[in-house]
Amino acid sequence: MKIVAADVIVTSPNRNFVTLKITTDEGITGLGDATLNGRELSVVAYLREHVVPLLIGADPHRIEDMWQFLYRGAYWRRGPVTMAAIAAVDVALWDIKAKAAGMPLYQLLGGASRTGLLAYGHASGKTNEELFDSIRSHQEQGYRAIRVQTGVPGLKSIYGIASNATLEGNEGVRYDHEPAQRGARPAQEDWDTRAYLRHVPTVFEAVRNEFGPELPLLHDAHHRMTPIQAAKLGKSLEPYDLFWLEDCTPAENQEALRLVRQHTTTPLAIGEIFNTVWDYQQLIREQLIDYVRSAVTHTGGITHLKKVLEYAAQYQIKSGMHGPTDISPVGMAAAMHLGLAIHNFGIQEYMQHGERTNEVFQQSFTWTDGYLHPGDQPGIGVELDVDEAGKYPYEQAYLPYNRLADGTVHDW
Ligand code: EZ4
Ligand code: CO
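Conventions used here
- Residues numbered from 1 in each chain as written.
- Chains lettered and ligands numbered in written order.
- Predicted model: local features only at pLDDT ≥ 70, side-chain atom pairs only at ≥ 80, totals over all residues.
- Heavy atoms only, no water.
- Buried < 20%, exposed > 50% of the residue type's maximum accessible area, 1.4 Å probe, protein only.
- Helix = DSSP H or I, 4+ residues; strand = E, 2+ residues; numbered from the N terminus.
- Arc of directions from axis to C-beta.
- Pairing = 2+ DSSP bridges.
- Right-handed = clockwise from strand over helix to strand, strands pointing away.
- Salt bridge = Lys/Arg side-chain N within 4 Å of Asp/Glu carboxyl O.
- Polar contact = N/O pair within 3.5 Å; in protein donor to acceptor, adjacent residues only side chain to side chain.
- Contact = heavy atoms within 4.5 Å.
- Bend = angle between axes of the 7 residues up to and from the residue.
- Core = buried A, V, L, I, M, F, W, Y, C linked by side-chain atoms within 4.5 Å.
- Phe/Tyr/Trp six-rings, centres within 6.5 Å; stacked < 30°, edge-to-face > 60°.
- Lys NZ or Arg CZ within 6 Å of the ring centre and 35° of its normal.

Turning to helix H7 (residues 227-237), its buried residues number three or more, namely Ala-230, Ala-231, Leu-233, Gly-234 and Leu-237. Looking down the long axis of H7, one finds its buried residues gathered within 165 degrees of arc, a one-sided arrangement. Among the exposed residues of H7, those pointing more than 90 degrees away from its buried face are Ile-228 and Lys-232.

This is the structure we're talking about:
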């Protein structure tokens with residue numbers, strides 16, 4: 001079998017997505033997700049200008065070799081653009097191999113290790129009352145684990161709160177957390193870590209009082225604290241038994257997590273902006289985290305993330321793959337096949353895509369009683385309707401950023 005075409009498809013049904021479609025001389029096609037929120041077109045150029053020409057004529061079955069060729073052969077290694085591009089090729093090739101074998105991809109990865117994937121959704125509210133409504137509505141949709149994000153008194157707009165969303169063209173759609181807003185510049189938000197640290201424990205106390213001890217609760221701190229602040233928050237949340245505290249520090253400095261670990265038993269999750277195993281090297285070896293947050297889409301595909309997770313497994317660290325709406329249905333499907341197959345699956349983040357997105361991407365996954373399953377179609381189980389995709393051209397959209405009261409740019 002030979003690759004005869006590779007097309008990069010950009011579409012913006014509810015948000016921007018970049019998809020690589022590889023076609024073989026036997027007529028088998030494979031899809032890979034290359035969406036990099038707010039920097040989409042740089043991956044498009046990387047693929048179109050530098051990768052697609054290398055794919056034509058190649059044997060699609062040689063996945064490991066193609067991965068090593070694209071990673072080592074470029075000379076310039078790692079980085080989100082490179083690793084998203086490699087991921088797209090990798091997933092498209094796995095899709096092709098599984099279709100050629102007539103099996104759902106998880107069978108080629110070792111078969112199912114479980115019957116379904118526990119998934120968590122995003123509840124949020126400016127006030128506790130709004131937050132409780134949001135938690136209840138998630139429970140009604142079947143969620144059995146819930147991320148809790150809250151407004152902070154004194155701050156106008158804050159990460160992860162649904163009511164901030166002013167997405168043009170998406171009016172009336174409750175995106176509990178779709179932070180990228182259409183427009184030429186990122187929106188500016190405000191931030192105050194001391195106010196946040198005072199408020200958040202009171203919210204978790206109220207949530208536990210209302211919903212009881214059983215419900216798994218998660219929280220995303222979005223890289224905003226120093227190590228000592230993160231240690232303090234982890235400690236103050238211990239009575240509320242979090243499933244995890246995510247991205248408590250920026251974590252480019254892996255050593256920072258040592259200090260957090262010394263002070264708290266709140267489980268830690270990190271890695272949605274990491275892109276290779278090297279970003280995790282110390283975190284895993286020293287057991288400084290409990291969950292690996294990488295998505296297949298941003299970490300070099302199935303081939304590389306599987307290696308990261310197998311390394312993590314030796315240290316009892318589990319998966320917690322990133323699954324916001326900027327992971328396309330193709331990236332979500334890849335995550336579900338990998339999550340079903342590995343032994344050390346922890347939890348899968350799952351936000352629901354918009355209606356138009358689901359028309360562009362036909363999907364075979366199921367969502368039953370709080371558990372995801374990728375379905376049993378050969379391949380990853382997603383097809384792209386190119387005509388439908390063509391109706392929604394790329395629209396500039398950016399993640400927001402924030403400034404402190406004195407105007408200093410802070411971590412987002
Ligand atoms: O900020 O998806 O856990 N989820 C997150 C996300 C990320 C965006 C980045 O593209 O933190 O909301
Ligand atoms: Co996050």
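Here we come to the pairing of strand E4 (residues 117-125). Successive residues of a regular strand alternate their side chains across the two faces of the sheet. Most of E4 is tucked away, with 9 of its 9 residues classed as buried. As judged from the 2 bridges shared by E4 and strand E16 (residues 371-373), these two strands associate in the antiparallel manner. Bridge pairing in E16 links Leu-117 to Leu-372. Judged from the 5 bridges that link them, E4 and strand E5 (residues 146-150) form a sheet pairing that is parallel. Bridge assignment links Ser-124 to a residue of E5, and that residue is Gln-149. Each parallel crossover has a hand, and the one from E4 via helix H5 (residues 128-140) to E5 is right-handed.

The next thing to look at is the sheet that holds strand E19 (residues 401-403). Spatial strand order, E7-E19-E20: 3 strands in an open sheet with mixed pairing. Pairing within the sheet leaves two strands with one partner each, and these edge strands are strand E7 (188-190) and strand E20 (409-410).

With that out of the way, let us pick up the pattern of salt bridges. Applying the stated criterion to the full structure yields 17 salt bridges. Of the charged contacts in the structure, one is a salt bridge between Arg-293 and Glu-272, with a shortest N-O distance of 3.6 Å. One end of the pair, Arg-293, is in the loop between strand E11 (291-292) and helix H10 (301-313); the other, Glu-272, is in the loop between strand E10 (268-270) and helix H9 (281-285), and 21 residues separate them in sequence. Both residues of the pair, Arg-293 and Glu-272, count as buried. Among the charged side chains, a salt-bridge network with shared partners connects Glu-246, Glu-272, Arg-293 and Glu-349.

We now examine the side chain of Thr-193. With respect to the helices and strands, Thr-193 occurs in helix H6 (residues 193-211). In terms of polar contacts, Thr-193 uses its side chain to reach the side chain of Trp-191, at 2.8 Å. Among residues more than four places away in sequence, those in contact with Thr-193 are Arg-224, Met-225, Gln-229 and His-410.

As a further point, take helix H1 (residues 40-55). At Arg-48, H1 shows its maximal bend, which comes to roughly 40 degrees. The set of residues buried in H1 consists of Glu-40, Val-43, Val-44, Tyr-46, Leu-47, Val-51, Val-52 and Leu-55. If you follow the buried residues of H1, they end up packed against strand E1 (3-11), strand E2 (17-24), helix H2 (63-73) and helix H3 (80-101). At the C-terminal side of H1, Gly-57 shows a positive phi close to 95 degrees.

The next thing to look at is the nonpolar core. In a soluble, globular protein the nonpolar side chains are often hidden away together inside. Core analysis: the biggest nonpolar cluster contains 119 residues, and Leu-20, Ile-22 and Val-89 have the highest contact counts within it. Per element, the largest residue contribution to this core is 12 residues, and it comes from H3. Setting aside anything within four residues of it in sequence, one finds Leu-20 in contact with Ala-6, Asp-7, Val-8, Gly-30, Leu-31, Gly-32, Leu-47, Val-52, Leu-55, Ala-88, Val-89 and Ala-92. With 9 residues, the next largest nonpolar core counts Ala-145, Phe-243, Tyr-291 and Ile-347 among its residues.

Here we take up the packing of aromatic side chains. Within the structure shown, the criterion is met by 16 aromatic pairs. The structure contains a cluster of three or more aromatic residues connected by ring pairs, namely Tyr-120, Phe-243, Trp-244 and Tyr-291. Seen from the ring of Phe-17, Arg-15 lies directly overhead, with NZ or CZ sitting 5.9 Å from the centre. Sitting over the face of the ring of Trp-191, Arg-224 holds its NZ or CZ atom 4.5 Å from the ring centroid.

By themselves, these observations are geometric and do not establish any function.
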